[in-house]
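# Structure assessment
Each chain, written out:
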Amino acid sequence: MHSKAFRRNLLSSFVVLLVGASSVTAEQFDPLHHSGPASPYFVAPPLAGVPSTVPDGCVVDQAAWFLRHGSRYPEPGSFTGWENLFAKFQNASYTARGPLSFIPFWTLPIDDEPHQPLFLSSTGAGEAFALGVKLRKRYGFTKGGENITVWTAWQQRVVDTATYFTRGYLSAGNYLTTPSLNRGTLIVLPDSTTNTTFADSLTPSSSCPAYGIFSGNGSSTSDSFRSTFRQGIADRLNRFLDGLVLDTTDIGVMQDLCGFGFEVSGDHRFCDIFTENEWLDYEYAHDLNYYYGSGPGNPLSATVGFPWLKAVTDLFEVGPGNTVKNGTLVPPPLIMGFTHDNNIPPLISALGLWNSSQASPLPITHRPPLPAREFRSSHLVSFPGNVAIERMSCVIGGPTSEQAMDKGVFHQANVLGGTVVNVNTTGTRKEEEVFIRVLANEAVIPIPSCRSGPGSSCSLDEFVGYVNGERKDVAGGFVERCGLEGVVDVEVGDEVRFLTVVGDGEEMLVGLN
């Protein structure tokens, strides 16, 4: 009896081990992490080899996040492609085998067309809410009952993302009967056009005519690369069909339906029919689109990204709880700016990051191996892709956390804190210094010329000099380089003012009930 029970338990353990091993294998390559702008949110891997945890002895005292809206339903034009694919599957008589055996049963994941395409999905709402919870815990900037202000572009999916983020951030406790506490304010900024907000916007590329001259290079280069691999995929998949022929347009829609289908309805089936190399080609086509359309391959990219970088740098220089000279608004220590995907890569360009891609432009005719390139659309413009800049106050020369764990910490009664036991700090000079680090989708991206600080960070003084020197020279003036001289004065058109000026944008109170 005991022997049978032992064998059953051993068999159960063996099955669990097999399932666990299978799960690990499946996690080694996830198409949803290679779907570019169709990827639901995930934390990017530490490609620079630097952990994203805050270094020993450091505390983040100010942070600025520039991020895309959360996962959404397809745009109306893309949805038309979905409808055409569905009609093709339903209006023919055919036999589908193997990985395509599900397509006769596949239905459109849109069931309320007037209210879904282009708008935020429930996945997007969940991503934004979860990020609010995460950043409240990550930074500890906000005490119970305190309010928060965030900035957002005006389109509904962006406003909704900012709203759900704020609700997540303020979800601790119950303040329904105290309307002055624990409330969020959105400052909604109009999207730029050539004759309105110029650089003072969360969508500045729209008001830079010269940027628009080059932005179309993104779609042309990506389409050129897609022509090198889509037909091969169609030929492979058509071997599983009798009476139906897939073309290159169908392949594009079907690959899009992996990310979008999964985040809209949880349907993973389109993710499973393509090979790893086919997914890497799909991702690289998106890399080309963003690199040449809005990233380092667009010569005006740094120009439209620099005003936000300059505004944040000025605020980090004066530190939390302060504003710039002539400022009328003190922003919170957590600065959140919600926008669209094409506005994220210009900030990378303005920062001068992923320089190997800039020095050697991404090839159009073939996909280089991943170590040879740094620019990855899936790690930057996924839903809700982001670039974060953190200001860290660090004690240099103090005991490390490893020493505290090894030696122990002595606590004096009624005195908060403690001292590491038997660690001789005599003669050790402890100083508090300020450093800056940059993250994309929460993975640290060191600044190549300035990474000697804790966790490959850059000292504040060096960062300020870097931004106001080299990066300013590369970006140039927004008005001049965008061809807006005579349209707007430089003092008005070159700067982001909404972070430090009261009344710039329309305020909207976020309700919690």
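Quick notes on the rules
- Residues numbered from 1 in each chain as written.
- Predicted model: local features only at pLDDT ≥ 70, side-chain atom pairs only at ≥ 80, totals over all residues.
- Heavy atoms only, no water.
- Helix = DSSP H or I, 4+ residues; strand = E, 2+ residues; numbered from the N terminus.
- Contact = heavy atoms within 4.5 Å.
- 1 Å grid on protein atoms, 1.4 Å probe; cavity = no way out; pocket = protein on both sides within 12 Å on 5 of 7 lines; lining within 4 Å.
- Points joined across faces, edges and corners; volume = space filled by probe spheres on them.
- Nonpolar A, V, L, I, M, F, W, Y, C, P; charged D, E, K, R; others polar.
- Salt bridge = Lys/Arg side-chain N within 4 Å of Asp/Glu carboxyl O.
- Buried < 20%, exposed > 50% of the residue type's maximum accessible area, 1.4 Å probe, protein only.
- UniProt positions renumbered as here; feature names shortened; annotations may be inferred.

Per an unreviewed UniProt entry, the protein chain goes by the name Phosphoglycerate mutase-like protein and belongs to Dendrothele bispora.

## Some words on the environment of Tyr-73
Within the secondary structure, Tyr-73 is located in the loop between strand S1 (58-68) and helix H2 (76-90). For the pair Tyr-73 and Leu-120, spaced 47 residues apart in the sequence, the C-alpha separation amounts to 6.2 Å. Dropping the residues within four chain positions of it, Tyr-73 is found in contact with Pro-109, Ile-110, Gln-116, Pro-117, Leu-118, Phe-119, Leu-120, Ser-121, Phe-260, Glu-263 and Val-264.

## Points about empty space enclosed by the protein
Under the defined criterion, the tally for this structure stands at two cavities of 30 Å³ or more. When its volume is computed, the largest cavity comes out at roughly 70 Å³. In this structure, the largest cavity is lined by Phe-66, Ala-199, Ser-201, Pro-204, Val-304, Gly-305, Pro-307, Trp-308, Asn-343, Pro-346, Leu-347 and Val-496. Sorting the residues of the lining of the largest cavity by element identifies helix H10 (301-318) and helix H11 (345-351) as the ones contributing at least two each. Here the lining of the largest cavity takes four residues from H10, the largest share from any one element. For the lining of the largest cavity, the per-class residue count stands at nine nonpolar, three polar and no charged. Looking at the second largest cavity, its volume works out to about 30 Å³. For the second largest cavity, the full set of lining residues is Ile-436, Arg-437, Val-438, Val-444, Ile-445, Pro-446, Ile-447, Cys-450, Ser-456, Ser-457 and Cys-458. Ranked by residue count, the leading element in the lining of the second largest cavity is strand S10 (residues 431-440), at three residues. Its residues placed into classes, the lining of the second largest cavity shows eight nonpolar, two polar and one charged.

## A closer look at the pattern of salt bridges
Applying the stated criterion to the full structure yields 19 salt bridges. A salt bridge links Lys-134 to Glu-442; the nearest nitrogen and oxygen atoms lie 3.1 Å apart. Within this pair, whereas Lys-134 is found in helix H3 (residues 122-139), its partner Glu-442 is found in the loop between S10 and strand S11 (443-444), the two being separated by 308 residues in sequence. For Lys-134, a relative accessible area of 31% translates into the label partly exposed. Relative accessible area serves as the criterion here: at 6%, Glu-442 is assigned to the buried category. Where Glu-470 meets Arg-471, a salt bridge forms, and the shortest distance between an N and an O atom there is 3.3 Å. On the accessibility criterion, Glu-470 (42% relative accessible area) is partly exposed. We classify Arg-471 as buried; its relative accessible area is 6%. One continuous salt-bridge network, built from bridges that share partners, spans Lys-134, Arg-138, Glu-390, Arg-437 and Glu-442.

## Things to note about the UniProt feature "active site" (unreviewed entry) in the protein chain
Annotation from UniProt places "active site" (unreviewed entry) at His-69 and Asp-341. Taken together, the annotated residues stretch across 273 residues yet fold into one region, lying no more than 7.8 Å apart by C-alpha. Checking the named residues against the largest pocket, the ones that line it are His-69 and Asp-341. Relative to the helices and strands, His-69 resides in the loop between S1 and H2. By relative accessible area, which is 2% here, His-69 ends up buried. Non-local contacts of His-69, meaning those with residues more than four positions away in its chain, are made with Arg-157, Val-158, Thr-161, Thr-339, His-340, Phe-383 and Pro-384. Assignment of secondary structure puts Asp-341 in the loop between strand S6 (334-339) and H11.

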